[in-house]
Each structure stands twice: as C-alpha cells, then as structure tokens.
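Below, each chain spelled out in residue letters.
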2 protein chains.
Amino acid sequence: MINKLEMFIAVAKEGHFGRAAESLGVTQPTLSTGIKQLEENLGVQLIFRGSRYGGLTPEGARALVWARRLVGDARAFREEMRVSRHGLSGHLRLAVIPTALTWAAKLSARFAEAHPKVRFTILSRNSSDILKMLENLEVDAGLSYLDNEPLGRMTTAPIYTERYTLVCHADNPLALQSQVTWADLAGERLCLLTPDMQNRRIINQCFMEADVTPDALVEANSTLVLAAHVEQGGWVTILPSDMARFLSAGKHLAIVPIMGAHVEHIVGLVAPFREPHTPVLDALLTQAAGLNRA
Amino acid sequence: MINKLEMFIAVAKEGHFGRAAESLGVTQPTLSTGIKQLEENLGVQLIFRGSRYGGLTPEGARALVWARRLVGDARAFREEMRVSRHGLSGHLRLAVIPTALTWAAKLSARFAEAHPKVRFTILSRNSSDILKMLENLEVDAGLSYLDNEPLGRMTTAPIYTERYTLVCHADNPLALQSQVTWADLAGERLCLLTPDMQNRRIINQCFMEADVTPDALVEANSTLVLAAHVEQGGWVTILPSDMARFLSAGKHLAIVPIMGAHVEHIVGLVAPFREPHTPVLDALLTQAAGLNRA
DNA sequence: AATTTCAATAGCGAAATGCAATCAATCAGG
DNA sequence: CCTGATTGATTGCATTTCGCTATTGAAATT
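This one's a predicted model, so the numbers in the text were calculated from it and none came from an experiment. (Residues numbered from 1 in each chain as written. Chains lettered and ligands numbered in written order. Predicted model: local features only at pLDDT ≥ 70, side-chain atom pairs only at ≥ 80, totals over all residues. Heavy atoms only, no water.)

Q: Which residues make up the overall build of chain A, and what values go with them?
A: If you tally the helices and strands in chain A, you get 10 helices and 12 strands. Taking all 294 residues of chain A together, 48% fall into the buried category. Excluding contacts between residues fewer than 6 apart, the proportion of contacts in chain A whose partners are at least 24 apart in sequence is 74%. A total accessible area of about 13,300 Å² is found for chain A, and carbon and sulfur atoms account for 52% of it. Looking at charge distribution, chain A has the averaged site of its 29 positive side-chain charges lying 9 Å from that of its 30 negative ones. (Helix = DSSP H or I, 4+ residues; strand = E, 2+ residues; numbered from the N terminus. Buried < 20%, exposed > 50% of the residue type's maximum accessible area, 1.4 Å probe, protein only. Contact = heavy atoms within 4.5 Å. Areas by Shrake-Rupley, 256 points an atom, 1.4 Å probe, with all protein chains shown as cover. Lys, Arg positive; Asp, Glu negative; His and termini not counted. Charge placed at Lys NZ, Arg CZ, Asp CG, Glu CD.)

Here it is in structure tokens:
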C-alpha cells in the first residue's frame, strides 16, 4: 500500500511513468502495474492516460493529498523507531534560499555540535521550489521566507530578519557615503539574483516604491556570482547584511546600508506539519529557536 | 505495512495473540509472523513476550500512536475514494452514552433523511469505553460528555446540555411537588446507572454537594431498566429531562425538576481528529451542529 | 510514411503470504 | 514434582504476489 502510494506521488511529480519509475529505482512496467493496482484497490481512476500520461483525475488530486500524508507519516514513524535505537543520527536534507546560505551553515554547525552523528545535505533553491520539495518529501525542512508565500500545513520557526545593504567596489563613489537610498542606485550597473527568487522580487518592489527602474545587467541564481562580479568592478549588488559581510570579507569591497529598506522579511525554518515531528526535525526546530534568540 | 500495523493494534488491544488473530480473521501463526516482520522492519522490539504476551515495550507504546494514526488515515483515505464513486453511503458506527440514546436517534434520523444510503450501528457504552473504542478505531464517532473526560486529539461538536429530573411513580408523594431538591431524595429508594457511567458519577457529585448519601438499591447500565423499575413502583430514578420524557410517556409516571441541578454537562459528538475528515463524518458533524442550533 | 516515444501487456522466476500441524515454554492445580 | 491446559513460536507446503525482461500497440514527431 505505502509503496504504491510512493509510486503515485512519483508519477504525479514527474508527470511521466518512465522517469517516475527511474526515480524510484524500479522498471516502468512495475510502476505501471503498481498504479493500476492502486486504482483497482481504491476503486477510482487516479490518472488520465491513454498510451501517455494525461494528468491527475479530480479523485487523483484528492488522493495525492492523502498519499503525501500517509507516506510522510510512515517515514516519520520509521525515523522515530530508528532513532529510538541508534540515537539521533541519520540524514537531514535542507533546502535553502541563496541569501540564507550562511545561516544554514550556522544552523548546521550548531546542530552538529549537539548531534555529531547527523549528516546534512543542503541545497540552494528558490522559495517556491522549496515548498514543492517539502510537499514531495524530497527534503525534510527548508530555510526560506516565512511571511511571503502562502504556506499550507507547515511548522515554522523564525530565525532572523533580512536587512538589505549595497555591496560595491571600494573605489565606487557610493562607497564613501554612510548610507544610500534606493533612488541613488538608479544609474548603477546592477548585478542581482534571477527573478524566480523571492529576494529579487522583494528588491524589485523596493525600487518600484522609490519610482526607480532598476537596471539588472547581470542576473544569477547564486550570491557568490554577484559578489564575484562586484569584485571585478563596474557592478554593484544588493544583499542581506549578513551575506554581504560574508562575501566581501578580505576583498576590496564596501558595504553601505540602504535607507528606507524598512521592508524587513522574516527568514526561518519551514517543515511539513506533523504531530509529533521526527526526532531530528524536532531537534532542528529547537536549534533554530536558539539561533533566533541569539 | 498497513495490515501489519492493524495486527499490532489488535494485539495491543486484546493483549493476546490468539484473540487478536481471531478478531482479524487470520490464524495465530500468520499474526505472529506479522508482528515479527513488523519488528524486524522497524528494527525495534514492540512487544514483550516469552511464550506469553507481556505488554508493549516503550517503543511499542510510541509505535502504537503512529499505528493508529496511519491505519486511521488509510481508512479515511479509502473511505473518501469510495464515497467519490458511490456517493455518501456505507456504514457509520456510533458509540453513545445511555442517557444520550434518544439524541442518537434524533441525529441518525435527520442524517438518514439527508443521506438515505448510510447504514448505522449504534452501541450503548460508558464514556471511557467510548474513548477507547474511538482510539482503537472500533467506532467512527461517539456521543458523550464533552466537558469531563480529557479528550486528546479529537474533534467535537456540542449538541445539548443535560438537565436532571426526578422520575417517580405518579402515586409517589414527591410527584405532587412542583420541584424537589437533592436533599429531598435522601430517603428514597433510588435506582441509578452503574458507577462506571459518567452520568452516575455526576449524580453522586450532586448528592455529595447536598450532603446526602444516596441509597442506590438498584443499579443498571441501561436507562430502560431504570424506568421499568420506577414503573413497578417503590423506586425512583434520576434522568436527563429528554430521556425522562421519552421513557415515562404513556406510563403512570411523574417527572419533577430537581432544584439546584445547576451542574449542566454538555453532550455532543466526539470523533478522532483527522484532516480532512471522512465525508460521512463531515456530514455527521454538520448534522450535529444543526441539532445544536435547533 | 518512417521513426520515436510512452505506457500497457505477457511470461517467467523469485519472494512473500497464509495456512495446518507441531513444538516449547509457562502456568494452575493436585 | 508431576499433569494437563494455554499460549506463542516454528516448520513445511501450497498459493499468491512481485518485479523483471521482452514485446506490443498507440500516439506523437520527423
């Protein structure tokens, strides 16, 4: 039953029987019969298909919600039993927005101190991908904006609020100012994150409110790329203060606070709501609460 | 997986492999290996046993919570899929405290009007048994006190509040009074529910507060027995007004309100919390809300 | 029209499931 | 300390299920 549901989730996610089968490590016929059996077992057609995947039926969409719940709970159950034997250990998969990657490191560092046997996988993703991955049980938790995207049944733990700063080459005239306004950046050659990132949309919003049309000459999905461009000279970028400090350290770069950057966005841990949580996730949420206080 | 969990739940409930196997319609060896496989699969011992059932291990107790969740959700899932095909139909199992049986009838009558294809099983049980049966998934919902026993993760819908009245033979001198006090009942030959019933404990409490030691000469677990005794003469009983009216109708009995019976207890529908509910249960909760307004 | 893509189906060996029969350990009573 | 009853584990065997390879059939693409 549970493994059939996993198959169903995989097909719904991939939209393709062959790829879904591959992702599960089974052959396509196995997955085909699995779905068929699930449908017969439930007495409902879940997937439209006539020699090709044709989307979920309405019942299939409802079933997907249950399937995720059941599979997620079954994994949490196994996890809890495993932990009760081997102590807090195993693998914690985290998806993190690029601007929060330094905080992810802080979080995992502190966590590892307390629970050295836990391994981490940390993936850089945009916030909407993080939600999708949480839904599909591809990661255990996310580090993302808590106050922006609509989060369904999720547990959250705030960690910090983003404050934006300008990062420019030390030779840039702006580097001499004690602070700048969004309007000051009108003519600058900007280097920003790609628009699929929540962070970029927030910055766009700030420019809009200052009646400035920003000129993003370079777009990237990694803050490292932004900083590297700024170091080359000719470009400037906008980063949360923490990330700005991390990337500019030891380089010929300047950090200038941006006035009127009053829009503060809360970043924190996001995990599927489940009662009780897995022991590792529980420990992680505790750790996040500690970081928030600090 | 799911069926192994069902086995585990059955063993935990029965405290006996043979009986658990019988209750599931499998043989004892099948169940024995089922439990063993579950334990191997999870890597944890769930049940103490050496040629005899010896209770759950600590891990077993934790696992039981998950097992109930998973099995309950799996059933709710199946139910929802079934309903999406055959419309609102099937079997609704209800456990009801004896004093609320007339309300159970009201509830099922109204429900049947709206959803004629749903069959009912209504069992009379005391309130603590109702909670146990809900936990073990033996019933879908209960009709019981909402304000007394500690209910864990449950959905509730209030329906009415109990008000106690004296029921006595019409020839009894008390029948002439417009109302009586708890103290007035001191010398009467009382016929009450057994002490395992919450209702009886509430009545004991009322007597205690009036400094009266009640004299329950007949105890029964059915209100019908109480009324029948009262009709025979010589006994009096105490019943919620609605039940009193129902049982005394057409008989030579009198109903007298009891003064100072200010302790009102809320009775309503109780069902395991689950998101979303099964469609039938959802409809039942709606129906209960309707009854409450009426 | 030829080719490619994609899911369903057939056939087969391996693994699992579930039963009846049996065994081993424990308990109650004499 | 023995004896019969209880209770769960074990064994052996038939049946079913599972998952693979190979193939087919139907659309989509060229």
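Q: An account of the relation of the copies chain A and chain B is needed here, citing residue identities and associated values.
A: Mapping chain A onto chain B leaves a residual RMSD of 0.1 Å; the transformation is a rotation of 180 degrees accompanied by 0.0 Å of translation along its axis. Such a combination of rotation and displacement between the chain copies is what one expects of a two-fold axis. Minimal C-alpha separation from the rotation axis in chain A is found for A:Leu70, amounting to 3.2 Å. (Least-squares fit on C-alpha atoms with pLDDT ≥ 70 in both.)

Q: How would you summarise the sheet that holds strand 3 (residues 90-96) of chain B if you had to cite specific residues and measurements?
A: All names here are of chain B. Pairing in this open sheet of 5 strands is mixed, and the strands run 4-3-5-12-6 from one edge to the other. Looking along the sheet, the strands with just one partner apiece sit at the ends: strand 4 (118-124) and strand 6 (154-162). Neighbour-to-neighbour, the strand axes of the sheet open up by a mean angle of 20 degrees, direction not taken into account. Strand direction decides the pairing type here: strand 6 and strand 12 (residues 265-272), joined by 8 bridges, are antiparallel. Note on strand 12: the bridge partner recorded for proline 158 is glycine 268. Against the sheet, helix 10 (residues 279-293) contacts strand 3, strand 4, strand 5 (141-145), strand 6 and strand 12, and its axis sits at roughly 25 degrees relative to strand 6. (Pairing = 2+ DSSP bridges. Axes fitted to C-alpha atoms, helices over the stretch in contact; angles between N-to-C directions.)

Q: Help me get a handle on the side chain of A:Gln198, residues and values and all.
A: Residue and element names in this part refer to chain A. With respect to the helices and strands, glutamine 198 occurs in helix 7 (residues 198-209). The class for glutamine 198 is buried, based on a relative accessible area of 6%. For glutamine 198, the contacting residues outside a window of four places in its chain are Ser127, Tyr145, Asn148 and Glu149.

Q: So what's going on with the packing of aromatic side chains? Which residues, and what values?
A: Residue and element names in this part refer to chain A. As enumerated under the stated definition, the model contains 8 aromatic pairs over all chains in all. Ring geometry for tryptophan 103 versus tyrosine 160: centroids 4.3 Å apart, planes at 10 degrees, classification stacked. Highlighted residues: tryptophan 103 in helix 5 (residues 101-114) and tyrosine 160 in strand 6 (residues 154-162), separated in sequence by 57 residues. Taking relative accessible area as the criterion, tryptophan 103 reaches 14% and is therefore assigned buried. Relative to phenylalanine 207, the ring of tryptophan 182 lies with its centre 5.0 Å away and its plane at 75 degrees, an arrangement referred to as edge-to-face. In this pair, tryptophan 182 is assigned in the loop between strand 7 (164-169) and strand 8 (190-193) and phenylalanine 207 in helix 7, connecting sequence segments 25 residues apart. Of the residues examined, tryptophan 182 reaches a relative accessible area of 4% and is grouped as buried. (Phe/Tyr/Trp six-rings, centres within 6.5 Å; stacked < 30°, edge-to-face > 60°.)

Q: Pulling in residues and values, what's your account of the sheet that holds strand 3 (residues 90-96) of chain A?
A: All names here are of chain A. The mixed open sheet is built from 5 strands, whose spatial order is 4-3-5-12-6. Both outer strands of the open sheet, strand 4 (118-124) and strand 6, are each paired with one neighbouring strand and no more. Adjacent strand axes in the sheet meet at a mean angle of 20 degrees, parallel and antiparallel pairs treated alike. In terms of strand pairing, strand 5 (residues 141-145) meets strand 12 (residues 265-272) through 4 bridges, oriented antiparallel.

Q: With reference to specific residues and values, describe the protein's contact with DNA strand D.
A: A:Thr27, A:Thr30, B:Gln28, B:Ser32 and B:Arg49 are the nearest of the 20 residues found near DNA strand D. Among the atoms of DNA strand D close to the protein, meaning within 4 Å, 71% are from sugar or phosphate groups. Between DNA strand D and the protein, one listed contact pairs a sugar or linking oxygen with a side-chain N or O atom of B:His16 at 3.3 Å. Contact distances for DNA strand D include 2.9 Å between a base nitrogen and a side-chain N or O atom of B:Gln28. At the level of secondary structure, the elements contributing two or more residues to the surface near DNA strand D comprise helix 3 (28-42) of chain A together with helix 2 (17-24) and helix 3 (28-42) of chain B. In terms of residue count, helix 3 of chain B provides more of the surface near DNA strand D than any other element does, 4 residues in total. Looking at the surface near DNA strand D residue by residue, the classes come out as 5 nonpolar, 10 polar and 5 charged. (Near = heavy atom within 4 Å. Polar contact = N/O pair within 3.5 Å; in protein donor to acceptor, adjacent residues only side chain to side chain. Nonpolar A, V, L, I, M, F, W, Y, C, P; charged D, E, K, R; others polar.)

Q: Explain the interface of chain A and chain B to me, and be specific about the residues and the numbers.
A: If you look at the interface, chain A gives 26 residues, while chain B gives 26 residues. For the chain A and chain B pair, buried surface summed over both sides reaches about 2,700 Å², with 65% attributable to carbon and sulfur atoms. Broken down residue by residue, the surface that chain A buries against chain B is led by A:Trp66, A:Phe77 and A:Met81, which jointly contribute 27%. At the boundary of chain A with chain B, the tally comes to 4 salt bridges. In this structure, the salt-bridge partner of B:Glu80 is A:Arg62, at a minimum N-O distance of 2.6 Å. In this structure, the connection of chain A to chain B is made through 12 residue pairs in polar contact (both at pLDDT 80 or more). Of all the elements in the fold, those that place two or more residues in the side of chain A that touches chain B are helix 1 (2-14), helix 3 and helix 4 (58-86) of chain A. In terms of residue count, helix 4 of chain A provides more of the side of chain A that touches chain B than any other element does, 15 residues in total. Taken together, the residues of the side of chain A that touches chain B break down into 13 nonpolar, 3 polar and 10 charged. (Buried area = accessible area lost by both parts, 1.4 Å probe. Salt bridge = Lys/Arg side-chain N within 4 Å of Asp/Glu carboxyl O.)

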